[in-house]
Amino acid sequence: MTEQKKPDVPPFAERSYCGELGESNAGKSVHLFGWVHTVRDLGGIIFIHLRDVTGTVQVVVDAASPQALKEAASSLKSEFVVHALGPVRKRAPEAVNPSHPTGTIEVLAESIEVLNDSLVPPFPIDSPEQPGEETRLKYRYLDLRRDDMQEAILKRHTCVQTMRRYLNNHRFFEIETPTLNKSTPEGARDFLVPSRINRGRFYALPQSPQLFKQILMISGFDRYYQIVKCFRDEDLRHDRQPEFTQVDLEFSFVTPDIIMREVEGLLADVVRDIRGIDVPCPFPRLTYDQCMERFGTDAPDTRFNLELRRLDDIFANTGFNLFKSALAVGGTVKGIAVPDNGTFSRKTVDQLADEIRRFGAKGLATVRFTGDAFDGGITKFLGDGEKAGLVHRFGLSGPMMLFLMADAAAVVNDSLSYLRLKIARQQGLIDEDALNFLWVTDFPLFEYDPETGSYGAVHHPFTAPTPGCLETLDHLTPENVATVKAQAYDVVLNGSEIGGGSIRIHTTGIQSRIFSILGISDEEANEKFSFLLEALRFGAPPHGGIALGLDRVMMLLLKRHSIRDVIAFPKTQKGQCLMSDAPSHVSDHQLAELSIKTVK
Ligand code: ASP
């Protein structure tokens, strides 16, 4: 058996990367370190695709290679870790693979050293097909080797670098705030951490750095950012994670306009670096009321039309009982008109009506417009004036299907915004490549809960009311509460809220007033945030900020279906890490040290 040629240099330092090799390296001898992606033994000649973080390259052991090298190569299996050494050479024209980035070259192996072997992976790393999610999460280290996960993690790295560069260039300071602290009022449940040395006391993991970033403004660091983990112990119904990453910003001496412009610049840079396109700035702006009126939601997807139209005036004197009774009790009639592509059978409409029951909808009325007349559905209840009104309001010309609803405004809005999106998806009306950013402004400051007769903060209790609304605070009623607007804004991308923020209250007088409306007693306020309230008395500058959800931004930019696909080590819907098996039981000794008894 002939000896393999041994490298005579310390090889790690001389490393080349598989995916970076090209024709310009032809003739150069390279040290490659990576994993065997695939190996094909064609008898006399063995092709190995070697993979590292930059991609793959073909390594060849041919008929003329020494016997020991051939033996080493034929013992290779998928996912073995190897060091290959040899010259780069151009491939013969008939062997060029134009669809592969390194397809014009290959590396002729002079030596192949196995640095470690591998068990057979539970799923193939080289297949574009995704294994089941449970398997992926259990073997996350292998899942992360797959192309789409490598792309997600590397693009996320790029995104974070772009953000830091932008923010550093725009005079922001990156400052860390504590992870072990008191509860922050973002409205979710806290994760608690028992203190061993302060028996019976608990830290709360931050739901956001809200109070600390405000304090930093009071300390004079007039532009702050942090790319920071936040924790909310919520039921993970939607695509949420118990821990997630926020891009958290705060500014002193600022207006909503300044904040919005900075965020637009930041996101435009990110989109350019991740997707290679320019997004038009400034982003369109809609008020909360306009959003609800036109789309039925405060996070509208504006990549398609199908806007909601209010029809109260058209049906003011209707004889149609369903509409009449809803209007009589202060409800509203709204509808959408969608292209009639012949798919709306009785059955599909019944199914849609069924789906919106979850929003409290009791019924869904339909009527077909054929191009010149109404047909089917509620046609027999429509007077001539109502028909003319519908044609005009929806601008009907070609064949359309109208979905109409009468109920309390919230039920109508929730149901129609759901139908609008569902039908747009079914009819392929959404341009999946589009990135429609939008600002939503002028949110209500409070929401009224008729069951408890109390007011809650829509954003958080430190959000400043718009100056014109201050007087109403003194005679607030459930009827006028919606007119009190907050200096709050959300940024929405393709129908998902990706961030939100506000101008903050910076005087104790208004802050106490808001606390008392929210039913937060002086005692409770003092216990929870006395440090902020006190700090506000020591020359707090006017300030405001925003936080962006990094996971969501990445998911949307990479067109992934779940935020789990852009997080290296996510939790399942039940908040578990299938790889490490967290959360886990702890020993009685650990519990005793913390003075904790668990209730079985
Ligand atoms: N702290 C807020 C949040 O986490 C964002 C902000 O107001 O800046 O939603």
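What counts as what
- Residues numbered from 1 in each chain as written.
- Predicted model: local features only at pLDDT ≥ 70, side-chain atom pairs only at ≥ 80, totals over all residues.
- Heavy atoms only, no water.
- Near = heavy atom within 4 Å.
- Polar contact = N/O pair within 3.5 Å; in protein donor to acceptor, adjacent residues only side chain to side chain.
- Areas by Shrake-Rupley, 256 points an atom, 1.4 Å probe, with all protein chains shown as cover.
- Helix = DSSP H or I, 4+ residues; strand = E, 2+ residues; numbered from the N terminus.
- Nonpolar A, V, L, I, M, F, W, Y, C, P; charged D, E, K, R; others polar.
- Core = buried A, V, L, I, M, F, W, Y, C linked by side-chain atoms within 4.5 Å.
- Buried < 20%, exposed > 50% of the residue type's maximum accessible area, 1.4 Å probe, protein only.
- Pairing = 2+ DSSP bridges.
- Contact = heavy atoms within 4.5 Å.
- Axes fitted to C-alpha atoms, helices over the stretch in contact; angles between N-to-C directions.
- Arc of directions from axis to C-beta.
- Salt bridge = Lys/Arg side-chain N within 4 Å of Asp/Glu carboxyl O.

Asker: Which parts of the structure should I look at to understand the site of the ligand?
Answerer: In the vicinity of the ligand there are 14 residues, among which E186, Q210, K213, Q246 and R504 approach most closely. S208 has a polar side-chain atom sitting 3.3 Å from a nitrogen atom of the ligand. Contact with the protein chains covers 92% of the free accessible surface of the ligand, which is 270 Å². With three residues, the single largest contributor to the shell around the ligand is strand β24 (residues 543–549). Of the residues assigned to the shell around the ligand, the class counts are two nonpolar, eight polar and four charged.

Asker: What is the right way to read the nonpolar core from this model?
Answerer: Across soluble globular proteins, nonpolar side chains have a tendency to be buried as a group. Ranked by internal contacts, the top residues of the largest apolar core, which has 81 residues, are F437 and F446. If one sorts the elements of this core by residue count, helix α6 (residues 256–275) sits on top with nine residues. Among the nonpolar cores identified, the runner-up in size contains 23 residues, and L352, F403, L419 and A424 belong to it.

Asker: Looking at this model, I keep getting lost on unusual backbone geometry. Mind explaining?
Answerer: Negative phi characterises most residues that are not glycine, and trans characterises most peptide bonds. Put simply, C281 and P282 share a cis peptide bond, and its omega is -5°. Here P282 shows up in the loop between α6 and β13 (285–287). Residue P583 follows A582 across a cis peptide bond; omega there is -5°. Mapped onto the elements, P583 comes out in the loop between α14 (550–557) and α15 (588–593). Positive phi values are uncommon outside glycine, yet L306 reaches one of about 50°. If you trace the backbone, L306 turns up in the loop between α7 (288–295) and β14 (309–310).

Asker: Looking at this model, I keep getting lost on the sheet that holds strand β23 (residues 496–503). Mind explaining?
Answerer: Read from one edge of the open sheet, eight strands run β8-β11-β12-β24-β23-β22-β19-β13, paired in mixed fashion. Edge positions in the sheet fall to β8 (173–174) and β13, since each of these pairs with one other strand and no more. Inspection of the sheet shows β13 paired to strand β19 (residues 437–441) by three bridges, in the parallel sense. Counted as the bridge partner of L286 is V440 from β19. Along the sheet face, helix α5 (residues 210–218) touches β11 (223–231), β12 (243–252) and β24 and points at about 25° away from the line of β12.

Asker: Looking at this model, I keep getting lost on the pairing of strand β3 (residues 46–52). Mind explaining?
Answerer: If a strand is regular, its side chains alternate between the two faces of the sheet. Taking burial as the measure, the seven residues of β3 include seven buried ones, the bulk of the element. The alternating pattern of β3 places I46, I48, L50 and D52 on one face and F47, H49 and R51 on the opposite face, and all of these are buried. Inspection of the sheet shows strand β2 (residues 29–41) paired to β3 by six bridges, in the antiparallel sense. For T38, the partnering residue across the bridge sits in β3 and is H49. Count of turn residues in the β2/β3 antiparallel hairpin: four residues, of which G43 carries a positive phi of about 80°. The hairpin formed by β3 and strand β4 (residues 55–61) contains two residues between the paired strands.

Asker: Would you take a moment to explain the environment of N305 for this structure?
Answerer: Counting through the fold element by element, N305 comes out in the loop between α7 and β14. Residue N305 is classed as exposed on the basis of its relative accessible area of 59%.

Asker: Quick question: what am I supposed to make of the sheet that holds β14 here?
Answerer: Think of a sheet as strands paired side by side through backbone hydrogen bonds, with each pair either parallel or antiparallel. In space, the five strands of this open sheet follow the order β14-β15-β18-β16-β17, with antiparallel pairing throughout. Of all the strands in the sheet, just β14 and β17 (374–375) have a single pairing partner and so form its edges. Direction of pairing for β14 relative to strand β15 (residues 332–339): antiparallel, over a ladder of two bridges. Across the sheet, R309 pairs through a bridge with G335, a residue of β15.

Asker: I tried to follow α7 on my own but got confused; where do I start?
Answerer: For an α-helix, the turn length of 3.6 residues means that residues three or four places apart are oriented alike. Here α7 has its buried residues at Y288, C291, M292 and F295. Buried residues along α7 cover an arc of 105° about the axis, so they all sit on one side. Among the structural elements, β13, β15, α11 (409–426) and β19 are those in contact with the buried residues of α7. Once α7 finishes, G296 follows within two positions and takes phi at roughly 75°, a positive value.

Asker: Help me out: how do you make sense of the pattern of salt bridges in this one?
Answerer: Oppositely charged side chains are able to pair whenever their charged atoms sit close together. Applying the stated criterion to the full structure yields 41 salt bridges. For E133, the salt bridge identified is with R564, shortest N-O distance 2.9 Å. Note that E133 is positioned in helix α2 (residues 133–138) and R564 in the loop between α14 and α15, a separation of 431 residues in sequence. Judged by its relative accessible area of 30%, E133 falls in the partly exposed class. Between R146 and D148 there is a salt bridge whose closest N-O contact spans 3.2 Å. One network of salt bridges, with partners in common, ties together R136, R140, D143, R146, D148 and D565.

Remember that the coordinates give geometry; whether it matters functionally is a separate question.
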